[in-house]
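Spelled out, the chains give:
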Amino acid sequence: QVQLVESGGGSVQAGGSLRLTCAATGSIFNRYTMAWYRQAPGKQREMVARITGDFQTSYAESVKGRYTISRASAGNTVYLQMNSLRPDDSAVYYCNALASGIPYWGEGTLVTVSS
């Protein structure tokens, strides 16, 4: 079983920054592929950033150059640094982990960007 603990959501003005943190528990020996997703009201959930156990990253086109995903060298703590935030970045952000091919989800944290 994997449990995800998220923090860092909140409200910022356009152009501001936030850093989200997610810690996955369940194994101290394996590094899971982890990702951040977001879902705005009335819209589909989308993947915004992903990082593998080998530290390879990928991003949605809409956040490239503004978001950076990273992880601790050991374990399964992942971060999402969000810069130059825009109102259309407002959404509930969800942490995701793949452990032995099984996806696990955090409860979500609300990010609101005002103009």
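Above: the structure in question.
An account of the accompanying structure is given in this report. Note that this is a predicted model, so its numbers are computed, not measured.

## So, the nonpolar core
Right, so step 1: In terms of nonpolar packing, the biggest core is built from 29 residues, with Leu4, Met34, Trp36, Val78, Leu80, Met82 and Tyr93 touching the most fellow members.
Right, so step 2: Within the residue set of this core, elements represented by two or more residues are strand E3 (18-25), strand E4 (33-39), strand E5 (46-51), strand E7 (67-71), strand E8 (77-82), strand E9 (91-99) and strand E11 (109-114).
Right, so step 3: No other element matches the 5 residues that E9 contributes to this core.

## With respect to the sheet that holds E8
Right, so step 1: If you trace the 4 strands from one edge of the open sheet to the other, you get E1-E3-E8-E7, paired in antiparallel fashion. Unpaired on one side and paired on the other, strand E1 (3-7) and E7 mark the two borders of the sheet. Each strand of the sheet is rotated relative to its neighbour by a mean of 15°, with strand direction disregarded.
Right, so step 2: Looking at chain direction, E7 and E8 are connected through 5 bridges and run antiparallel. Pairing of Ile69 across the sheet is with Leu80, part of E8.

## Some details on the packing of aromatic side chains
Right, so step 1: Inspection of every chain in the model, using the stated rule, returns 1 aromatic pair.
Right, so step 2: Consider the rings of Tyr37 and Trp105, whose centres lie 4.9 Å apart with planes at 65°: the pair is edge-to-face. Note that Tyr37 is positioned in strand E4 and Trp105 in strand E10 (residues 102-105), a separation of 68 residues in sequence.
Right, so step 3: Seen from the ring of Tyr37, Arg45 lies directly overhead, with NZ or CZ sitting 5.6 Å from the centre.

What counts, and at which threshold
Residues numbered from 1 in each chain as written. Predicted model: local features only at pLDDT ≥ 70, side-chain atom pairs only at ≥ 80, totals over all residues. Heavy atoms only, no water. Core = buried A, V, L, I, M, F, W, Y, C linked by side-chain atoms within 4.5 Å. Buried < 20%, exposed > 50% of the residue type's maximum accessible area, 1.4 Å probe, protein only. Helix = DSSP H or I, 4+ residues; strand = E, 2+ residues; numbered from the N terminus. Pairing = 2+ DSSP bridges. Axes fitted to C-alpha atoms, helices over the stretch in contact; angles between N-to-C directions. Phe/Tyr/Trp six-rings, centres within 6.5 Å; stacked < 30°, edge-to-face > 60°. Lys NZ or Arg CZ within 6 Å of the ring centre and 35° of its normal.

Keep in mind these numbers describe shape, not what the thing actually does.
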